[in-house]
Amino acid sequence: MDFAEQVKTSVDIVDVVGQYVRLRKMGTRHVGLCPFHTEKTPSFGVNGVHQFYKCFGCGAGGDVFKFVMEIEGLTFYEALKSLAERYGIPVPKRAEYSDPETKLRAALYQMHEIARDLFRAALRSPQGAEARAYIAKRGLAQATVDEFELGYSEPSGQLLARRFEKEGFPAEQMEASGLVLKRQEGSGFFDRFRGRLIFPIHDEQGKIIAFGGRALAAGQDPKYLNSSDSPIYHKKRVLFNLNRAKEAVRKSGRAVLVEGYMDAIGVWSAGVKEVVASCGTALVSDQVRALRRHAERVVVNFDPDQAGVNAAERSIQLLLEESMRVRVLELEGGHDPDEYVKVNGAEAYRACVEKAPGYFLWLADRARARFDMRSAEGRMAGLQFLQPAIHLVNDKLERAAIAEEVATYLQIDRGLVLDSFRKAAAERREKTLPPVKEAPRPLERILLNSLLTSEEARRECLPRLKSAPALERLVSRGILQALIAAHESGGACGYAEIEARLPESDRDLMASLVLADKPEDEEYSLGRALDCLEQLDLAGREVRRAALKARIKEAERAGMLEEALRMMEELGRLERA
Ligand SMILES: [Zn+2]
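Reference entry: report on the structure contained in this document. On a predicted model such as this, the values are computed, not experimentally measured, just so you know. (Residues numbered from 1 in each chain as written. Predicted model: local features only at pLDDT ≥ 70, side-chain atom pairs only at ≥ 80, totals over all residues. Heavy atoms only, no water.)

What to know about the coordination of the zinc ion
Ideal values differ by geometry: the angle at a metal is 109.5 degrees with four tetrahedral donors, but 90 or 180 degrees with six octahedral donors. Taken together, C34 (SG), H37 (ND1), C55 (SG) and C58 (SG) make up the full set of protein donors to the zinc ion, lying 2.1 to 2.3 Å away. Coordination geometry of the zinc ion: the four donor atoms subtend angles of 102 to 120° at the metal centre, consistent with an arrangement described as tetrahedral. Counting gaps between the donor residues of the zinc ion yields the pattern C-x2-H-x17-C-x2-C. You can see C34 sitting in the loop between strand 2 (29–32) and strand 3 (44–47) and its partner C55 sitting in strand 4 (residues 52–55), a full 21 residues away along the chain. Like C55, C34 is buried. (Donors = N, O, S within 2.8 Å, 3.2 Å for Na, K, Ca; no water. Tetrahedral: all angles 85-135°; square planar, octahedral: opposite > 155°, others 65-115°. Helix = DSSP H or I, 4+ residues; strand = E, 2+ residues; numbered from the N terminus. Buried < 20%, exposed > 50% of the residue type's maximum accessible area, 1.4 Å probe, protein only.)

In structure tokens, the structure reads:
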């Protein structure tokens with residue numbers, strides 16, 4: 001067995017996908033919200049028996065390798081290696097398990113680890129005094145500094161460049177790392193980060209893929225400098241601290257979203273372990289999706305200044321678009337999260353997180369600040385202001401509850417609020433009606449699944465199926481013909497092998513037949529396949545009978561009596577059979 005096959009048979013796709021997506025068991029399949037597109041009701045299914053996933057919304061689908069490649073943005077070899085490592089399968093040290101892209105990325109990971117070690121050593125060195133002073137001022141404990149592997153990039157700009165050259169990394173790799181920059185004049189490189197406090201940024205699996213650097217000197221610009229995108233770092237997909245927070249986020253079903261590195265670190269060390277931050281940039285939908293894979297509730301706790309409030313408003317819209325349930329935490333005294341924890345303690349902060357109000361009340365407060373709620377016009381303008389958010393609430397009960405809350409809060413007639421909810425819902429329904437597909441009869445589901453599941457069933461039934469006249473009339477004939485061809489040529493007849501032989505439309509059909517609900521007591525087996533064949537034979541005879549009758553009539557009308565007689569005899573034989 002080759003190594004990829006060995007890995008594939010040792011891991012369970014339900015378990016692997018479950019590390020990224022919250023799945024619910026429904027009969028023989030697991031369903032959840034698709035991680036590859038935005039949706040409000042689950043059209044993403046995983047099948048443990050045949051080890052595949054499929055989304056009927058966006059068409060994403062494949063085996064466990066494809067899933068890890070897509071969700072982590074990895075090459076095939078990296079996905080293979082990552083899975084093998086996760087499940088304790090020894091990886092053979094052979095070059096064939098690598099390709100140029102994988103090699104480049106392996107070098108980049110290595111450079112980032114070297115950089116982290118150099119930055120950490122620099123923080124402890126005499127040169128790091130300024131950075132240590134800043135850390136002390138922010139009240140970070142040594143344990144926290146160690147846990148987050150904070151570092152210091154000294155101002156000379158030579159630390160990494162020299163080391164990478166010494167280690168023999170080629171110029172292309174150095175350039176691709178984004179950690180060093182090419183000199184405009186002359187040859188060689190210099191460090192991107194100079195004179196900054198360094199925050200390592202990890203991917204979800206805990207590998208260092210980038211750094212954020214905070215300015216230490218007054219007037220040093222920009223205040224925050226981030227790694228640029230590289231083959232291992234896509235800024236728009238990464239949330240700071242998600243690698244540490246994801247367990248707690250899953251457990252509590254909730255994440256706390258803050259703005260900056262220091263906020264995330266402060267809140268984390270106060271014992272609120274569900275905290276993540278957008279990496280010093282405005283939140284984008286890929287980041288929200290990364291979060292939503294682990295929880296559907298989020299508490300947004302941004303800085304209280306105007307920039308923070310604006311960022312919160314934009315972020316809320318995005319979070320709602322991705323169907324997150326949003327609460328907004330505004331801390332008293334105009335504190336940002338980190339300061340609040342310092343001044344009031346972890347316990348007080350946790351209490352605030354627990355009782356953070358729903359986003360509608362927060363938005364209603366924005367409306368109040370903006371419009372004159374004493375006048376009827378002002379109240380209507382306030383309601384208008386809430387419209388875009390109202391449009392995004394999908395759940396009927398939730399809508400009713402929010403309408404009640406908002407109406408009371410803004411002193412608007414409850415009917416008016418509900419009315420705008422209803423209109424929004426109707427518009428949405430019009431937009432999102434799914435395309436109707438021809439649904440095959442249960443017989444086709446049972447037949448295909450039995451044939452995929454049982455070797456015995458394939459041996460017994462496929463030769464008969466091949467000559468069955470009713471085969472032509474089945475919606476799933478393309479799939480069954482592929483099964484027949486694979487079986488005849490002595491090839492493997494697993495889900496993946498058959499799927500590989502199919503055009504796109506039949507792939508979707510096959511996935512839907514395999515993922516379809518089945519009655520609890522129904523089994524896919526040789527016996528069931530034989531029952532199906534029996535029914536097909538009956539149906540086939542019915543088809544032939546009808547065709548014969550029609551031809552007899554035609555022959556009689558044309559005066560071809562001999563011909564008609566011959567066919568009537570045939571019909572008689574058919575009916576006796
Ligand atoms: Zn999808």
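Next comes the rest of the write-up.
As for the sheet that holds strand 13 (residues 254–258)
Taken in spatial order, the five strands line up as 12-14-13-15-16 in an open sheet, and their pairing is mixed. Looking along the sheet, the strands with just one partner apiece sit at the ends: strand 12 (239–240) and strand 16 (325–328). Alignment of strand 13 against strand 14 (residues 275–278), held across three bridges, turns out to be parallel. Of the residues in strand 14, the one forming a bridge with V258 is A277. Set on the sheet, helix 14 (residues 337–354) makes contact with strand 13 and strand 15 (297–300); between it and strand 13 the angle comes to about 155°. (Pairing = 2+ DSSP bridges. Contact = heavy atoms within 4.5 Å. Axes fitted to C-alpha atoms, helices over the stretch in contact; angles between N-to-C directions.)

Details of the packing of aromatic side chains
Evaluated as defined, the whole model comprises 20 aromatic pairs. Relative to Y349, the ring of Y340 lies with its centre 6.2 Å away and its plane at 55°, an arrangement referred to as tilted. Across this residue pair, the class does not change: Y340 and Y349 are buried. Ring centres 4.5 Å apart and planes at 35° place the aromatic pair Y359 and F360 in the tilted group. As far as burial versus exposure is concerned, Y359 and F360 are alike and both buried. Each member of the aromatic cluster is reached from another via a ring pair, and the members are F148, F199, Y224, F240, Y261 and W268. Here the guanidinium or amino end of R366 rests over the ring plane of W362, the centre of that ring lying 4.6 Å away. Here R368 stacks its cationic end above the ring of Y409, 4.3 Å away from the centre of that ring. (Phe/Tyr/Trp six-rings, centres within 6.5 Å; stacked < 30°, edge-to-face > 60°. Lys NZ or Arg CZ within 6 Å of the ring centre and 35° of its normal.)

Some points on the environment of V326
Assignment of secondary structure puts V326 in strand 16. Sequence separation between V326 and R297 is 29 residues, and the spatial gap between their C-alpha atoms is 6.0 Å.

Quick look at the packing of helix 19 (residues 442–453) against helix 20 (residues 455–466)
For the pair helix 19 and helix 20, the least separation of the axes is 7 Å and the interaxial angle reads 125°. The pairing of helix 19 with helix 20 is recorded here as oblique in orientation. Note on element contacts: helix 20 touches helix 19 through E455, A457, R458, C461, L462 and L465, opposite L447, S450, L451, L452 and T453. Partitioning the contact of helix 19 with helix 20 into residue classes produces seven nonpolar, two polar and two charged. (Parallel < 35°, antiparallel > 145°, perpendicular 65-115°, else oblique. Nonpolar A, V, L, I, M, F, W, Y, C, P; charged D, E, K, R; others polar.)

Quick notes on the sheet that holds strand 3
In spatial order, the strands read 1-2-3-4-5; together these five strands make up an open sheet with antiparallel pairing. Because the sheet does not close on itself, it has two edges, and the strands there are strand 1 (24–26) and strand 5 (61–62). Sheet analysis places strand 2 next to strand 3, joined by four bridges and oriented antiparallel. Its bridge partner lying in strand 3, R29 is registered against N47. Sitting on the sheet, helix 23 (residues 504–515) touches strand 2, strand 3 and strand 4, and the angle it makes with strand 4 is about 110°.

What to know about the nonpolar core
In terms of nonpolar packing, the biggest core is built from 90 residues, with V7, F67, L150, F164, F240 and Y349 touching the most fellow members. Setting aside residues no more than four positions away along its own chain, V7 makes contact with F65, L80, L83, A84 and I89. (Core = buried A, V, L, I, M, F, W, Y, C linked by side-chain atoms within 4.5 Å.)

Considerations on the pattern of salt bridges
All chains considered together, the criterion is met by 36 salt bridges. Among the salt bridges present, the one from R105 reaches E78, with a minimum N-O distance of 2.7 Å. Linking R105 in helix 5 (residues 100–124) with E78 in helix 4 (residues 76–86), this pair joins segments that are 27 residues apart in sequence. Taken as a pair, R105 and E78 share a single burial class, namely buried. Among the ionic pairs, E570 bridges to R566, the shortest N-O distance being 3.9 Å. On the criterion of helical spacing, the pair formed by E570 and R566 is a turn pair, its members being four residues apart in helix 25 (residues 561–576). Each of R116, D117, R120, D146 and E149 takes part in a single network of salt bridges with overlapping partners. (Salt bridge = Lys/Arg side-chain N within 4 Å of Asp/Glu carboxyl O.)

Some points on the pairing of strand 15
Summarising the sheet, strand 13 and strand 15 pair through four bridges and their orientation is parallel. In the sheet register, R254 faces strand 15, and the bridge partner there is R297. Sheet topology places strand 15 next to strand 16; four bridges connect them, and they run parallel. Following the sheet pairing, V299 is matched in strand 16 by R327. Read from strand 15 through helix 13 (residues 306–321) to strand 16, the crossover connection turns out right-handed. (Right-handed = clockwise from strand over helix to strand, strands pointing away.)

Treat this as a map of the structure, not an account of what it does.
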